Amino acid sequence: EDKVVQSPLSLVVHEGDTVTLNCSYEVTNFRSLLWYKQEKKAPTFLFMLTSSGIEKKSGRLSSILDKKELFSILNITATQTGDSAIYLCADSGGSNYKLTFGKGTLLTVNP
Amino acid sequence: NAGVTQTPKFRILKIGQSMTLQCTQDMNHNYMYWYRQDPGMGLKLIYYSVGAGITDKGEVPNGYNVSRSTTEDFPLRLELAAPSQTSVYFCASSYSDRGNYEQFFGPGTRLTVL
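Just so we're clear, the structure is a prediction, and the values are computed from it rather than from any experiment. (Residues numbered from 1 in each chain as written. Chains lettered and ligands numbered in written order. Predicted model: local features only at pLDDT ≥ 70, side-chain atom pairs only at ≥ 80, totals over all residues. Heavy atoms only, no water.)

Focus on the side chain of Gln103 of chain B
To keep things clear, this is the line we draw: Elements are defined by DSSP. Helices are runs of H or I of four residues or more, strands are runs of E of two residues or more, and each kind is numbered from the N terminus. Residue contacts are defined here by distance: any two heavy atoms, one from each residue, within 4.5 Å place the two residues in contact.
Structurally, Gln103 of chain B can be placed in the loop between strand 9 (87-94) and strand 10 (104-105). Filtering out sequence-adjacent residues up to four positions away, Gln103 of chain B remains in contact with Tyr36, Tyr97 and Leu99 of chain A together with Tyr33, Tyr35, Ala92, Ser93 and Ser94 of chain B.

Here it is as structure tokens:
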């Protein structure tokens with residue numbers, strides 16, 4: 001069974017700090033790794049990573065995948081209170097486009 | 001487009017009652033999914049469907065049933081509700097083709113079983 005492990009499970013920082021969230025996966029038939037942001041409601045899509053070493057960037061958020069070491073990181077620079085959320089990663093190693101989610105990292109950004 | 005919509009937003013059930021959680025998407029997506037989310041536990045897949053008339057079990061299907069008679073609708077049925085089914089339920093859909101794994105989520109239904 002696929003296993004996706006995120007660390008840390010929770011993190012408290014001050015506005016302006018830079019954070020790195022980690023996601024490791026164990027999958028026999030890896031296809032893609034996805035990052036989602038979940039505020040109070042539904043998860044919203046951030047990135048999908050398929051190739052190793054290619055950084056994806058959106059504003060202050062960036063992510064990269066290492067397929068050799070089986071992990072991905074999500075970086076957030078110059079954090080703002082609006083970045084407070086649960087960040088979920090998921091791998092798509094399963095059949096029928098199923099995703100296996102990690103437990104998430106709860107990020108709290110204090111003013 | 002409304003995207004993925006779910007009803008109801010909140011519901012309280014008594015042990016042993018039944019209910020159906022509704023999910024509709026207007027994006028003509030072929031794949032649909034039901035997840036439950038317990039505090040600190042991420043999302044667990046309950047059931048999924050790859051098209052109208054085709055459904056299959058996910059990781060935690062016990063106590064639930066689904067049907068998919070149309071492309072748009074994917075209701076989740078709870079029979080004989082139990083306290084262990086207290087959770088937040090999310091429906092999601094995707095147009096899964098050519099390696100596109102992005103799923104779009106509905107706003108969720110918060111269910112409490114007492």
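More follows now that the structure is in view.
So, the nonpolar core
Selection criterion: Buried residues of nine kinds, namely Ala, Val, Leu, Ile, Met, Phe, Trp, Tyr and Cys, make up a nonpolar core once their side-chain atoms join them within 4.5 Å. The rule is simple: take the accessible area with a 1.4 Å probe, protein chains only, and divide by the maximum for that residue type; under 20% is buried, over 50% is exposed, in between is partly exposed.
Counting residues in hydrophobic clusters, the biggest one holds 21 residues, and the most contacted among them are Tyr25, Leu33, Trp35, Tyr87 and Leu107 of chain A. Among the elements that make up this core, the one with the highest residue count is strand 3 (residues 19-26) of chain A (4 residues).

Quick word on the sheet that holds strand 6 (residues 56-58) of chain A
In a beta sheet, neighbouring strands pair by backbone hydrogen bonds and run either parallel or antiparallel. Residue and element names in this part refer to chain A. Convention followed: At least two DSSP bridges between two strands are required for those strands to pair. Whenever a helix is involved, its axis is fitted only over the stretch in contact; in every case the axis is a line through C-alpha atoms, and angles between N-to-C directions fall within 0 to 180 degrees.
The strand order across the open sheet formed by 5 strands is 1-3-8-7-6, and the pairing between neighbours is antiparallel. Two strands in the sheet have a free side with no partner beyond their single neighbour: strand 1 (3-7) and strand 6. Taken pair by pair, the neighbouring strands of this sheet meet at an average axis angle of 15°, ignoring direction. In the sheet, strand 6 pairs with strand 7 (residues 61-66) via 3 bridges, with the strands oriented antiparallel. What sits directly across from Ser58, in strand 7, is Leu61.

A few points about the state of the cysteines
All names here are of chain A. Keep this limit in mind: Two cysteine sulfur atoms form a disulfide, by the criterion used here, when they sit within 2.5 Å.
Here the structure, examined in full by the defined rule, presents 2 disulfides over all chains. Between the sulfur atoms of Cys23 and its disulfide mate Cys89 the distance is 1.9 Å. Sign of the S-S torsion, about 70° for the bond between Cys23 and Cys89, identifies this disulfide as right-handed. Taken together, the residues Cys23 in strand 3 and Cys89 in strand 9 (residues 85-91) connect sequence positions 66 residues apart.

Re the sheet that holds strand 1 (residues 4-7) of chain B
Residue and element names in this part refer to chain B. One open sheet holds the 4 strands; their spatial order is 1-3-8-7, and the pairing between them is antiparallel. Edge strands, defined here as strands with exactly one partner in the open sheet, are strand 1 and strand 7 (64-66). Direction aside, neighbouring strands of the sheet carry axes that sit 20° apart on average. Two elements, strand 3 (residues 19-25) and strand 8 (residues 76-78), share 3 bridges in a ladder whose sense is antiparallel. Directly across from Thr20, in strand 8, lies its bridge partner Arg77.

Structural notes on the pairing of strand 5 (residues 43-51) of chain B
Each regular strand carries side chains that alternate between the two faces of the sheet. Residues and elements named next belong to chain B. Of all 9 residues that make up strand 5, 7 are buried, and the element is covered over most of its length. In this structure, the hairpin formed by strand 4 (residues 31-37) and strand 5 is closed by a connection of 5 residues, where Gly40 is found at a positive phi of approximately 70°. Judged from the 4 bridges that link them, strand 5 and strand 6 (residues 54-57) form a sheet pairing that is antiparallel. Its bridge partner lying in strand 6, Tyr48 is registered against Asp56. Hairpin connection of strand 5 to strand 6: 2 residues between the antiparallel strands, including Gly53 at a positive phi of 85°.

Quick notes on the interface of chain A and chain B
As a reminder, the rule being used: A quick way to say it: buried area is the sum, across both parts, of accessible area lost when two parts are put together, with a 1.4 Å probe. We define a salt bridge as a contact between a side-chain nitrogen of Lys or Arg and a carboxyl oxygen of Asp or Glu at a distance within 4 Å. In the analysis that follows, any N or O atom pair within 3.5 Å is treated as a polar contact, provided that within protein one partner can donate a hydrogen and the other can accept it, and provided that, for residues neighboring in sequence, both atoms belong to side chains. Under this grouping Gly is polar, as are all residues other than the nonpolar Ala, Val, Leu, Ile, Met, Phe, Trp, Tyr, Cys and Pro and the charged Asp, Glu, Lys and Arg.
With 20 residues of chain A at the interface, the matching set in chain B holds 24 residues. In total, chain A and chain B occlude about 1,900 Å² of area from one another, counting both sides; carbon and sulfur atoms represent 61% of this. In this assembly, chain A and chain B are joined by 0 salt bridges. Our enumeration of links across chain A and chain B arrives at 3 residue pairs in polar contact (both at pLDDT 80 or more). Class assignment for the residues of the side of chain A that touches chain B results in 10 nonpolar, 5 polar and 5 charged.

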